[in-house]
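Examination of the molecular architecture
One-letter residues, chain by chain:
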Amino acid sequence: MIRTTLAALLLATAAPAFAQDAATAPVLTSLDAYRTMAAGTERAPLFARELAAARKSVDAGIRAGIDVPIPKDRGGGPTHERHKANYKLIQQAGTLYRLTGERKYADYVRDLLLAYAKLYPGLANHPAASDQVPGRLFWQSLNDSVWLVHAIQGYDAVRADLTAAERKTIDESVFRRMAAFLTSEARTFDRIHNHSTWANAGVGMAGYVLRDPVLVEQALKGSDRSGKVGFLRQLDLLFSPDGYYAEGPYYQRYALQPFVVFAQAIEANEPGRKIFAYRDGIVLKAIRTAIQTSYGGYFFPINDAMPDKSLKTEELYQGVAIGYAATQDPGLLGIAQWQGKVALSPEGFAVTRDIASGKAKPFAFASTLLRDGPQGKDGALAILRSGPQEHAQVVIAKNTAQGMGHGHFDKLNWLLYDNGQAVVTDYGAARFLNIEAKEGGRYLPENESWAKQTVAHNTLVVNETSHFDAQLKPAEEIAPTQLAFVGEGPLRFSIGEMAGAYPGITFRRALVQVDMGRNAPLVLDLMTVKNAGKATYDLPLHFAGHIIDTDVKLASNVTTRPVLGTANGYQHLWVDATGPLANGQGRVTWINQGRFYSYRMATPGAQLIVAESGANDPRFNLRREPVLIQRLSGAGDAAFLSLLEPHGRYDAATETTTGSRSGVTGLTLTEAAGARVATITLTGGKTILIAIATDTTAGKAHSVTVNGRKLDWSGPVGRFDGESK
């Protein structure tokens, strides 16, 4: 088999030479794999559906004729979308040719690529590149790399059945030229970044198809083949030991496809590299971690993220299929069932065949601590789940590193999902992806002025300035510390600490899921600040829903709408109302998708600001979303104690309301030696005391006395239930 020959050659030296008369059979998907798929389609109905859909799409493309326009548009424009559609058609048509044997599909791939062979050599940098690293077919070179990853797979399927002259034309004028362009564009190819991952994967897969081991080595080890960059180095540096991707879940999804498809190509052609075992199986960990960082199928929208991105994407169809082929994990079949779609590949065929035979099981969603950084020492993403059910409550503590250029300035941010909905929210990115009318689908100016700024998140803001003054370089040098995490059992919590986001200030956040039996858990949030000086502190809570009522006496702005500030995101906040927390206490209740949520605050001296995003937005680039801000002015050391309580139900169909009133009647904070104790008083007089120790050492014994009651516990957090006196 050609794959065995290639493996032996590539392992012999750093850059071996392929035999000049080497076979042209497919190397990305073997002929045997194609035969297996073709013979077993009837036993794999989901795969048969994908095959039919691909046939419909490609047949329509054949009827429409060859269209390879001169590039001119930004993302979302007609020429952009045409070239994007073409690479999908090339990939699909190649697969259809191997599965059906119908020559029209090979001819279509040939004709499309011959048209590109005429176009591509004459292209210069894309005319709409602007401030992007320019491509030739697309406005940014990233899209050229994506084109290459897809098109080379379709070409691999038909290459053996083209004439020698056709192969030479396409090899030299399309794939070698594109590989040369990408490898010489060091700003794209030789970086540790998701753009580079796509470029490395495309060039490496082209290397296998063209029988060019130098291209393969460049893809694996960088353009100079030193190993300082390249695909393997990206596996070293972009993922933590737990498979968490540096830029967050959204970009983990996007980068996953080139990682997994190139890894599959490496495994097929060079099994001796043992790529799926590399770095303790990091590629397979990345697939599972991507799924764990989702709720109801949608990725947690932290950093630059679009909140509508779900597991139903091409990247995850490929990831699930390749992950299942390598692990036989039946939980991945459960995800594929939910997706309702599989990759049109041997791995996708195996997934749908095994689903049909009843092997699928639910994916094991669970509380998870995902360390960040190459060594796992740069903070963590802490995920607390109240159960494995689809609509179980999930608390996310974002105690991660910066996340490179796509990171936001939001150390110790948090999010909450409950009842199948996002409740405490993250804006994600200010962008209308591939909508040309909105800056060509690029990130909008408001991504810098609002979405990345600290006040757009649910964490501490000091003196109306963002963490690290919103400067990337210093932000990348310091990460939070994950002090404690317990994700299982009756007491689940995360404690993180940040020092260095503001000079001389350290802040710590404890998030505790407080189980309430059959009702959804309460979420206790304690943010403490250490500061030798004085400052104004803001603690925002961005939420989804409509305010029902509040016990805070608010002064509402009904005829004018002031803006909260002038910079650092504050210029984008309309002020709807303000009011003091009487005796340091206050509550706001809202409704979201039929469930009520009461947010209770216990912060003496604080003022409540009710605001909404959208100020100073003349082009309507921002979504209008509500936010509650607790403000402490002229404070040194400080503590913000908050409690979020899900309760009740509104049924629009029957027009019935139950449990709309909060079941919590009081929330106080007591500081004792070495600990702070939150007292939650419930309707009927019962109390829940949550003790949070300053020393977060696991297993360490603590003892304090609160209101005459002695509390003894071990570890960072203790819980005590009882009656109020």
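Figured I'd write up the structure that's included with this text. Remember, predicted model here, so these are calculated numbers, not experimental data. All residue numbers refer to position in the chain's written sequence, counted from 1. Local features in this predicted model are restricted to residues whose pLDDT is 70 or higher, and side-chain atom pairs enter the listing and the counts only when it is 80 or higher, whereas totals over whole chains, interfaces and linings include all residues. Here the side-chain values reflect all heavy atoms present in the structure, with hydrogen atoms and water set aside.

On to the nonpolar core. Core analysis: the largest hydrophobic core is formed by 113 residues, its most contacted members being W147, Y155, F175 and F262. Strands here are runs of E lasting at least two residues and helices are runs of H or I lasting at least four, both read from the DSSP assignment and numbered beginning at the N terminus. Broken down by element, the residue count for this core peaks at 12 residues, all from helix α12 (residues 249-269). With residues up to four places along the chain from it excluded, the contact list for W147 reads H83, Y87, I90, L113, Y116, L137, F138, V174, F175 and M178. Residue types Ala, Val, Leu, Ile, Met, Phe, Trp, Tyr and Cys, when buried and joined through side-chain atoms within 4.5 Å, form a set referred to as a nonpolar core. Here's how the labels work: a residue is buried when its accessible area is under 20% of the maximum for its type, exposed when over 50%, partly exposed in between, all with a 1.4 Å probe on protein chains only. In what follows, residue pairs with any heavy atoms lying within 4.5 Å of each other are defined as contacts.

Looking now at the pairing of strand β11 (residues 505-516). In terms of residue burial, β11 counts as a mostly covered element, since 9 of its 12 residues are buried. Two strands are counted as paired when DSSP detects at least two bridges linking them. Pairing of strand β10 (residues 491-502) with β11 involves 10 bridges; the strand directions are antiparallel. Following the sheet pairing, S494 is matched in β11 by L511. The turn linking β10 back onto β11 is made up of 2 residues, and G504 within it adopts a positive phi angle of 75°. Strand direction decides the pairing type here: β11 and strand β12 (residues 519-531), joined by 11 bridges, are antiparallel. Across the sheet, the residue bridging to V514 is L522, located in β12.

Our focus in this paragraph is the packing of aromatic side chains. Classification of ring pairs uses Phe, Tyr and Trp, with its six-membered ring standing for Trp, and accepts pairs whose centres are within 6.5 Å; under 30 degrees between planes counts as stacked, over 60 as edge-to-face, and the remaining range as tilted. Scanning all chains against the criterion turns up 19 aromatic pairs. Ring centres 5.5 Å apart and planes at 40° place the aromatic pair F231 and F259 in the tilted group. You can see F231 sitting in helix α11 (residues 231-237) and its partner F259 sitting in helix α12, a full 28 residues away along the chain. The two residues F231 and F259 agree in class, both being buried. With 5.3 Å between their ring centres and 55° between their planes, F239 and Y245 make a pair best called tilted. Pairwise contacts between aromatic rings join Y208, F231, F239, Y245, F259 and F262 into one cluster. Over the ring of Y250 we find R253; its NZ or CZ atom is 4.4 Å from the centre of that ring. Either the NZ atom of lysine or the CZ atom of arginine qualifies as a charge over a ring when it sits within 6 Å of the ring centre and within 35 degrees of the ring normal. For K312, the ring lying beneath its charged end belongs to W338, and the centroid distance is 4.7 Å.

Before going further, it helps to spend a moment on the sheet that holds strand β9 (residues 481-486). Across a sheet, paired strands are connected by hydrogen bonds in the backbone, their directions being either parallel or antiparallel. Spatial strand order, β9-β10-β11-β12-β21-β18-β17-β14: 8 strands in an open sheet with antiparallel pairing. Looking along the sheet, the strands with just one partner apiece sit at the ends: β9 and β14 (546-550). Averaged over all adjacent pairs, the angle separating strand axes in this sheet is 15°, with direction ignored. As paired strands, β14 and strand β17 (residues 585-592) are joined by 4 bridges and run antiparallel to one another. Bridge pairing in β17 links H546 to I591. To obtain an axis, a line is fitted to C-alpha atoms, over the contacting stretch when the element is a helix, and the angle between two such axes runs from 0 to 180 degrees between their N-to-C directions.

By the secondary structure assignment, E81 is in helix α4 (residues 78-100). As a C-alpha pair, E81 and F138 span 57 residues in sequence and 9.6 Å in three-dimensional space. Setting aside anything within four residues of it in sequence, one finds E81 in contact with G76 and N434.

On to the packing of helix α9 (residues 194-209) against α12. Interhelical geometry of α9 versus α12 gives an angle of 25° and a closest axis separation of 9 Å. Relative to α12, the element α9 lies roughly parallel. The handedness of the crossing between α9 and α12 is left-handed. Touching N194, T197, W198, N200, A201, G204, M205 and Y208 of α9 are Y251, Y254, A255, Q257, P258, F259, V261, F262, A265, I266 and N269, all from α12. Each residue gets one label: Ala, Val, Leu, Ile, Met, Phe, Trp, Tyr, Cys and Pro are nonpolar, Asp, Glu, Lys and Arg are charged, and the others, such as Gly, are polar. The residue makeup of the contact of α9 with α12, split by class, is 13 nonpolar, 6 polar and no charged. For classification, angles of less than 35 degrees are called roughly parallel, those exceeding 145 degrees roughly antiparallel, those between 65 and 115 degrees roughly perpendicular, and all remaining angles oblique. Here a crossing is called left-handed whenever its near helix is offset anticlockwise from the far helix by less than a right angle, and right-handed whenever the offset is clockwise.

What follows is about the packing of helix α6 (residues 141-158) against helix α7 (residues 164-184). In the contact formed by α6 and α7, the axes pass within 10 Å of each other and the chain directions differ by 150°. α7 is crossed by α6, and the crossing has left-handed handedness. Contact residues: S141, D144, S145, W147, L148, A151, I152 and Y155 in α6; R167, I170, D171, V174, F175, M178, F181 and L182 in α7. Among the residues making up the contact of α6 with α7, the classes are represented as 11 nonpolar, 2 polar and 3 charged.

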